[in-house]
Structures are given as C-alpha cells and as structure tokens.
Amino acid sequence: MARIRTILPIFIASLAFAAPSIASACQARTLCVNWETEIIDNGFGEDLLLEDKVRARGARVLLLPPAPEPPLSTLLDQEGCLTFETQYANGHKLVVFAEAWVGEPDPVRIHAQRQDVQEGAIETEFIWIVDLHNLSPNDVVEFSIHGTALDPIAPLMAVATDVMHRFSELDVLPPAPASMLVEYLDWKGNARGGVAGIELGPDSFREKYLIAHEMGHWLQLRWQGMLGLGDYNFQAEDPDCRFSTKIPIINLMGIEIDDTDANGHGMRSAEWSATAMREGFAHFIAAIAFNHAISADADGIFRYYKDITHSSYTDFLADNSLVSLFGGAANQDPLGGENRWTANKCGQDWVKPETSTGLDWMRFFWHFLTRAGSRPDLRELLEFFNFAATGPYTFDDVNIFPELRDAMGDSPTMSPFVSRFNQANCDMGVFNENTCP
Ligand SMILES: [Zn+2]
C-alpha cells in the first residue's frame, strides 16, 4: 500500500520533485480519490450520503510522474479513479483541483470560488497535492482529500458532486452544456441558489440538506427559468404562519457574521404561491437527493436547516426539524407538522388569493411523484415545467397551481396526470380549491 500525504494548500510552483526510483517496464497503477465530508445534518433516517467520504467523481487532476515521464492533465472517471502507466514506484505527485465534471452522458462542470470579504477578490484556484509512494504494479491506491477548519472547499465539493451524481442517476441533469458554481462566502451567512450556481457561508457549508436545497433551485432554474414572480414579502396574518424571527448571529472562530438573509421565509411561513412552490420544490429536490423513494407510497425524511426561535417552531425543533415526506392521508399530523398546514394553521391567509407554504409544496411534490399508481418521473416533471414556462401561460405570484394544472392538461406527456395533480392538492393543500374526487 502506498504511503500518502496530503498537503493543503500549496502552489504548484513550490513543488519539490522527488528523485525517481529505479526504472523498470511501464505497468498500470490506479488511483482512487475521495472528498471527505464534514456533514452535520446526517443520519436522521434518510437513505443516502451517509458516508464520511465520497468518490471524487470527474475531478480535474494533474499527475506529475518522475522525469522523464510527461505530466498528465486529465479528469478522474465517474468513480473518482485514474489508471495510468508508469515505470516508477515512487516520486509521483497528484494535484487535485476544485473542479469536477459529474454525471452522464453530458457531465455538469462544478467549480469553486471563495470570497473572504464583501466586495473582496474572488479566489478561484484551489489545489491539493498528494505525494505518492510505493505504487506497486497493478496496485489500486485510495486516498482522501480533507478540509480543515479554514478550508471549506473540499467538504463542499464532496456534497455538491455527490448530489450532482444523484441528479445524474435520476436522469435530470439539465441540457448540456451546464455548469454550476459553488461559491463560499466567508462574510455571509445562510445560502442561496440561482441559475449560475450556489452560495454557501460559514453556517451552511456543512449542511447537506441546505446545499441540496440550493442545488434544487439551480436545477429548476436551469430547466425552466422562473415560474411566476419572486415576491417573498407576503405578510402573514396568522401567528403560526409568520416568519419574522431573527436568526442568531453566527460566530465563526471569533468572527461575528450577521449579514444573513435567512430571515425572509421559513418552512411553515405563508408565502405567495410562486415563492412557496419554489421553496417547496427545492426542499423536495433535497429530499429526493437523500431518499430512495423507489417503492410506491414510500416515506422519507427531510431535515430542515434553519434554527428558528419563533414559538410556532417549538414542536418542530423538538422533533429535530425532521419532516415526514409522505405525510400520511389528508389532515393527519405527521412528523414535521400537520398536512395541509396552510389551510389548517394559516386560515386568515389561506382565504386570500392563493397563499401556501414550502412545507405543503414539498409534500405535494413527494405525493405527486411517489404515491402508488401510474406516476410521472422527475425528468418528466422538469420537462413539463419547461413546457409550462415556454407556453402561453401567464404565471404571477398567486396562480401557480391553476396555471400549472392548465398547462398539464395541454401537455402530451403529462395530461394523464391531471387527476393525480388534483389528488395531491386534495391531500396536501397548496391551493385553496376543493380538488378532492
Ligand atoms: Zn430556497
């Protein structure tokens, strides 16, 4: 077995080359690289991404063998491995970059950035250098890239690449060529997702549900652009449905960070339907990233990621912020809060032209795509979103459900599922109309 040392981070120019060992005929060696995770919202009953390391799928690497063998610039394969031929057992170095091409058949390029102060310089070069020794012919050597307290990039690459791999398994990678930027902001809390990629901060980069949620925004925007408007300023009348709480200031190694936009909306907050749907769909993507949802009527677990001090979240926090995705039948009260939350808890808001919550929309999508019976798959849903966004439909802040239903009726692939769409609303209540059969 090779003895491996990881050096973090060193510029290529500072490399000292080891002396080559005794030459022999070229033979194959295989390296397999992992990203180490530092996930803190793990193991609550979900199925996936429970390991402390994940394969560095499609990572860009530079192999520096001893002279006179030439350097090799390439990508690891989709299992995070590289097979190469060399005549030497010692003296190789592998440079691993914070860039990965993940998924098949058309991989998405994931690349990292970091900004340590607001309006400061953007860092784009992150490398890890591994010394390789005692590479026996036909050996397979596995090693891991780990972050440090000051290096959030490796654990971010771990989660982002693993979730993208899951998107590939689900056959929902957006049309090529696609890329996703992973940006770490030292100075800003919470997280955001957009068409260019995702932004994480010191309080969020270890939370896999939040990273996958932001990737859900990226995925939806990549497929369909914006459906409806983006107004998050609905003012709820019912106390249980307000979200005006202040997220505590983050203290990261002595640096206080209070620049966060985490206070705008919450899992149970009443919002205009376009924004409630957007948040619920991103939650749903995070849920399906870590739950198999293969069998009909399967339940799954979603863990919400905001530490909310609002009194209406006391029971929610007591249950570790876990949410049952299946949600039971209509009007049951499963883990995470009762079904039809908006209708049952936000009565004064529910009667207004369509309001809803992310909680209800997340369960709505889970219901629509996983309940027993003939059902569409996630790719068909994303293709349908694109159909709806590019068709003669007028989405605004409040009509998302009826407009989507109209579009579904016109869709060649999705029209058989209109009654299923109505049933999901009957059980989960994202639109104030009795759509029960
Ligand atoms: Zn969001």
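The structure reproduced in this document is the subject of the present report. No experiment lies behind these values; they were computed from the predicted model shown.

It is worth spelling out the pairing of strand β10 (residues 127-132) at this point. In terms of burial, β10 is largely enclosed, as five of its six residues are buried. Bridge count for strand β7 (residues 92-102) against β10 is six bridges, and the pairing is antiparallel. Note on β10: the bridge partner recorded for V96 is W128.

Next up on the list: unusual backbone geometry. The residue after E104, namely P105, is reached through a cis peptide bond having omega 0 degrees. Following A176, the chain continues into P177 via a peptide bond in cis, with omega recorded as -5 degrees. The topology assignment puts P177 in the loop between α1 (153-169) and β12 (179-185). Positive phi values are uncommon outside glycine, yet L49 reaches one of about 55 degrees. We classify L49 as buried; it has 22 C-beta atoms within 10 Å. Of note in the backbone geometry, N320 takes a positive phi value of approximately 65 degrees without being a glycine. Within the secondary structure, N320 sits in the loop between α4 (314-318) and β19 (322-324). Taking the number of C-beta atoms within 10 Å as the measure of exposure, N320 has 14 and is therefore partly exposed.

Attention shifts here to the nonpolar core. Residues V96, L156, M157, A160 and I285 are the most contacted members of the largest nonpolar core, which totals 115 residues. Element by element, the count of residues in this core is highest for helix α3 (residues 273-290), at twelve residues. Among the domains, domain 1 (4-19 + 30-224) and domain 2 (239-428) are the pair contributing at least three residues each to this core.

So, about helix α7 (residues 358-370). Here α7 spans 18 Å end to end across 13 residues, near enough to the 18 Å set by a 1.5 Å rise per residue. Among the 13 residues in α7, twelve count as buried, and that is most of the element. Among the residues making up α7, those that are buried are G358, L359, D360, W361, M362, R363, F364, F365, W366, H367, F368 and T370. Where α7 is buried, its residues meet α3, β18 (301-303), β19, α5 (341-345), β20 (355-356) and α10 (418-428).

So, how was this worked out
Residues numbered from 1 in each chain as written. Predicted model: local features only at pLDDT ≥ 70, side-chain atom pairs only at ≥ 80, totals over all residues. Buried ≥ 20, exposed ≤ 12 C-beta atoms within 10 Å, placed from the backbone. Helix = DSSP H or I, 4+ residues; strand = E, 2+ residues; numbered from the N terminus. Pairing = 2+ DSSP bridges. Core = buried A, V, L, I, M, F, W, Y, C linked by C-beta atoms within 7 Å. Domains from an automatic or database assignment. Expected span 1.5 Å × (residues − 1). Contact = placed C-beta atoms within 7 Å.

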